[in-house]
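# Structural description and commentary
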Amino acid sequence: MAEVIGVRFKEVGKIYYFDPKNTKLNTNDKVIVETARGIECGIVALPNKEVADEDIIYPLKPMIRIANENDLNHIEENKKREKEAFKICEKKIADHGLEMNLVDVEYTFDNNKILFYFTADGRVDFRALVKDLASVFRTRIELRQIGVRDEAKMLGGLGVCGRPFCCHSFMGDFQPVSIKMAKEQGLSLSPVKISGTCGRLMCCLKYEQEAYSDLLKRTPKVGAIVKTPEGRGIVVENNLISGVLKVKLDSAPDGVAPATFKVKEVKLIKDGYIRMNKKEIEDLKHLEEQ
């Protein structure tokens, strides 16, 4: 076991462990630490706690100090520089005629590097742009291509639910989301219905998937053969949340509406299965991309 603190460098970014060096810290304290890309200022997301050795990536780097007033003033200065660098980079992108969309600019705390985050439909040859930017800023330049989900996480906004993006407000890492999840949850496979503002599958599909998977184990699927209090029949519709089934009884004449039963009222004889249209899935595959 080792005593650590968890530090974030972005508002809802990944948490990294550091050695507090016997200093007691509180949530939201700002600290100066050494990272793989240099000296950085982060915010304490997890105060002092004991963590098992197997959960730590060694060597565990120590906290350098609690951020002082000079450090905080330096961070504010960097924010101003980032806004100016954004304008300059946008102009340089236009001058070079590059098909890329600048998303964000970030100065490292020690000003040894400037990172420019951008999106693009494909690969971009930005070597000339890097040289141009290096001649302007006189420091190391890194251009980093990100996906549309990362762009949404950085910029934020409101989702179709009317609430701030999950990725921007509390999600540390993206979870894999699939078309199969939407299908199992009985959602329309229209891209408008299942994709977020970023144009990819809504992250919230993941939240309820475990509950739907459990319900699917206990609820006869459409096409299942079941025994009901009124005889044998085929499930033509099911509602996983309410546990209500509509069953076409073998004894019912054609044209008669299906009978309604609760799941607990029927006995499964042979289960059905969720049909996955291969062409439909292939056409929507791009929605799963990061």
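What you are looking at is a predicted structure, and each value in this text was computed from that prediction instead of being measured. (Residues numbered from 1 in each chain as written. Predicted model: local features only at pLDDT ≥ 70, side-chain atom pairs only at ≥ 80, totals over all residues. Heavy atoms only, no water.)

Glancing now at the pattern of salt bridges. Pairs can form between side chains of opposite charge whenever their charged atoms are close. Enumeration over the complete set of coordinates arrives at 14 salt bridges. One salt bridge in this structure joins Arg65 and Asp71, with 2.8 Å as the shortest N-O distance. Using a relative accessible area of 5% as the deciding quantity, one classes Asp71 as buried. Lys221 is the partner of Asp271 in a salt bridge, and the nearest nitrogen-oxygen pair spans 3.1 Å. Residue Asp271 is located in the loop between strand 13 (267-270) and helix 9 (278-283), and its partner Lys221 is located in the loop between helix 8 (209-218) and strand 9 (225-228); the two are separated by 50 residues in the primary sequence. Members of the salt-bridge network, linked through shared partners, are Lys113, Glu142 and Arg144. (Salt bridge = Lys/Arg side-chain N within 4 Å of Asp/Glu carboxyl O. Buried < 20%, exposed > 50% of the residue type's maximum accessible area, 1.4 Å probe, protein only. Helix = DSSP H or I, 4+ residues; strand = E, 2+ residues; numbered from the N terminus.)

Right, let's get into the environment of Val148. Tracing the chain through its elements places Val148 in helix 3 (residues 148-155). By relative accessible area, which is 26% here, Val148 ends up partly exposed. On a C-alpha basis, the gap between Val148 and Thr197 in space is 9.5 Å, while along the polypeptide they are 49 residues apart.

Below, the discussion takes up the nonpolar core. Across soluble globular proteins, you tend to see nonpolar side chains buried next to one another. Formed by 17 residues in total, the largest nonpolar core has its most connected members in Met100, Phe116, Leu133, Phe137 and Leu143. When contributions to this core are tallied by element, the ones reaching two or more residues are helix 1 (69-96), strand 6 (101-107), strand 7 (113-119), helix 2 (127-137) and strand 8 (140-145). Look past the residues within four positions of Leu133 in its chain and what remains in contact with it is Cys89, Lys92, Phe116, Ile141 and Leu143. Counting 11 residues, the second-largest nonpolar core is a separate cluster that includes Val177, Ile179, Leu189 and Leu201. (Core = buried A, V, L, I, M, F, W, Y, C linked by side-chain atoms within 4.5 Å. Contact = heavy atoms within 4.5 Å.)

Turning to the layout of surface pockets, a few remarks are in order. In this model, the second largest pocket occupies a volume close to 360 Å³. Lining the second largest pocket are 15 residues, and of these Lys183, Gly186, Val222, Asn238 and Ile274 sit closest to its centre. The set of elements that each furnish at least two residues to the lining of the second largest pocket consists of helix 5 (179-184), helix 8 and strand 10 (231-239). Per-class residue counts for the lining of the second largest pocket are 7 nonpolar, 4 polar and 4 charged. (1 Å grid on protein atoms, 1.4 Å probe; cavity = no way out; pocket = protein on both sides within 12 Å on 5 of 7 lines; lining within 4 Å. Points joined across faces, edges and corners; volume = space filled by probe spheres on them. Nonpolar A, V, L, I, M, F, W, Y, C, P; charged D, E, K, R; others polar.)

Because side chains alternate across strand 12 (residues 259-262), one face comprises the buried residues Ala259 and Phe261, and the other comprises Thr260 and Lys262, none of which is buried. The sheet contact formed by strand 11 (residues 244-249) and strand 12 spans 4 bridges and is antiparallel. Within strand 12, the position partnered with Lys246 by the bridge is Thr260. (Pairing = 2+ DSSP bridges.)

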